[in-house]
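Chain by chain, the residues:
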Amino acid sequence: MSNSKIAVPDTLPLLRDRIDSIDSQIQSLINERARCAEKVAEVKLAEQGDEAVVFYRPEREAQVLRRVMERNEGPLGNEEMAKIFRQVMSSCLALEKPMRIAFLGPEGTFTQQAALKHFGKSIISAPMAAIDEVFREVESGAANYGVVPVENSTEGVVNHTLDTFRDSQLKICGEVEERIHHHLLLSPNVNADDVTHIYSHQQSLAQCRAWLDRYWPHVERVAVSSNAEAARLAAEAGRSGRAIAAIAGEVACELYDLVKVSANIEDRPDNTTRFLIVGTQDVPASGKDKTSLLISAKNEPGALYRLLEAFERHGVDMTRLETRPSLMSRWGYIFYIDFVGHYQDPECQAVIEELRDRAAEVKVLGSYPVAVL
Ligand SMILES: C=C(O[C@@H]1C=C(C(=O)O)C=C[C@H]1O)C(=O)O
């Protein structure tokens, strides 16, 4: 009989005794795991040396979390269980080496929420004012990894992030998806009837456009640098009796002590944003990976067709195609392509080689584990 089938006592004191004893075992086991992680750090240092050592291994973490979900028998749900292990690994990694994570700030943004979801809570947070600053912070080595938004299911691509990859040597090391819920927030010092302006990031205003048209058609919408900044401004205005509302998420609402005038106001209930983790490392295959490419193509008939044809012929599944105008007049377009597989998989290698023959430039932005959580 497996442990999970051991009879559960049925009185409160006995149940609590059982829980105390289980907690004590879990705690010892977590510390035993942590000691192994410390040892892993020693082995990595001995094998790779001070300069080259890579403590964070996204492919290994993805495998651990997938295995947790596969073997889970409940009653806790797979995701719930994986979240617990996400934090256990985060604590273990912090023992090996605390990770400094740069993200599109300020404190309270959805990007920070995504960073915590991906790395767990045991990180050093480094909020940055702009997407290119996140890249620079990682390029300079001041942060170990960066987190930036890349696409939203309602509003499409975040151009600034894609454009920043043109001149950056950073690699994509991971992806994370967050369901985005927006709320209309106001300082508790002012009245909703007096609202004169609604502040938010332009993407958030766009994600709530129909709701705003319906309920607040005559109030001026103001785009600011982030929705957390909008929340901060709403709180500041409230202190001097001015009624400025903000559209932002839960974290910003709590951080700036605002109240929710209306909750979940996004036009689409499945509103989701995808974020990328950027770093300097090449991530080995995890068994379930994606690859992102940047391709400069000549502006000539059939250019895109010839690129896509290679995917079809090798049976590689493309998951996204974005087009951006090239900044250099010589080339017509830049394509961003995501596909299923790791760049070292034979069929992916074959596609990439053919693309190199057909395009002016092919840059592998990175292969990384498909988001687990
Ligand atoms: C322990 C390791 O180092 C880190 C911590 C991990 C963990 O706690 O399971 C997994 C991968 C690494 O990010 C390892 O590489 O195995």
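Everything quoted here is computed from the prediction, not taken from an experiment.

**Q** Outline the nonpolar core, supporting the account with residue identities and numerical values.
**A** Grouped together as the largest cluster of nonpolar side chains are 62 residues, with contacts concentrated most on I101, V134, V148, V278 and I295. With residues up to four places along the chain from it excluded, the contact list for V148 reads L104, T111, I131, V134, T161, F275, L276 and V278. Counting 25 residues, the second largest nonpolar core, distinct from the first, contains A230, A234, A237 and L258.

**Q** Describe the UniProt feature "site: Essential for prephenate dehydratase activity" (unreviewed entry) in the protein, and please don't skip the residues or the numbers.
**A** Within this structure's numbering, the places UniProt gives as "site: Essential for prephenate dehydratase activity" (unreviewed entry) are T273. Apart from residues lying up to four places away in sequence, T273 is in contact with F110, P149, N152, E178 and I180.

**Q** Tell me what's going on with the sheet that holds strand 8 (residues 220–224), and back it up with residues and numbers.
**A** The strand order across the open sheet formed by five strands is 8-7-9-6-10, and the pairing between neighbours is mixed. Edge strands, defined here as strands with exactly one partner in the open sheet, are strand 8 and strand 10 (259–262). This sheet shows a mean twist of 35° between the axes of neighbouring strands, independent of strand direction. Relative to strand 10, strand 6 (residues 183–186) is paired through three bridges, and the arrangement is antiparallel. Bridge pairing in strand 10 places L185 opposite K260. The sheet strands contacting helix 9 (residues 227–239) are strand 6, strand 7 (197–201), strand 8 and strand 9 (244–248), and the helix crosses strand 9 at an angle near 155°.

How each quantity is defined
Residues numbered from 1 in each chain as written. Predicted model: local features only at pLDDT ≥ 70, side-chain atom pairs only at ≥ 80, totals over all residues. Core = buried A, V, L, I, M, F, W, Y, C linked by C-beta atoms within 7 Å. Buried ≥ 20, exposed ≤ 12 C-beta atoms within 10 Å, placed from the backbone. Contact = placed C-beta atoms within 7 Å. UniProt positions renumbered as here; feature names shortened; annotations may be inferred. Pairing = 2+ DSSP bridges. Helix = DSSP H or I, 4+ residues; strand = E, 2+ residues; numbered from the N terminus. Axes fitted to C-alpha atoms, helices over the stretch in contact; angles between N-to-C directions.

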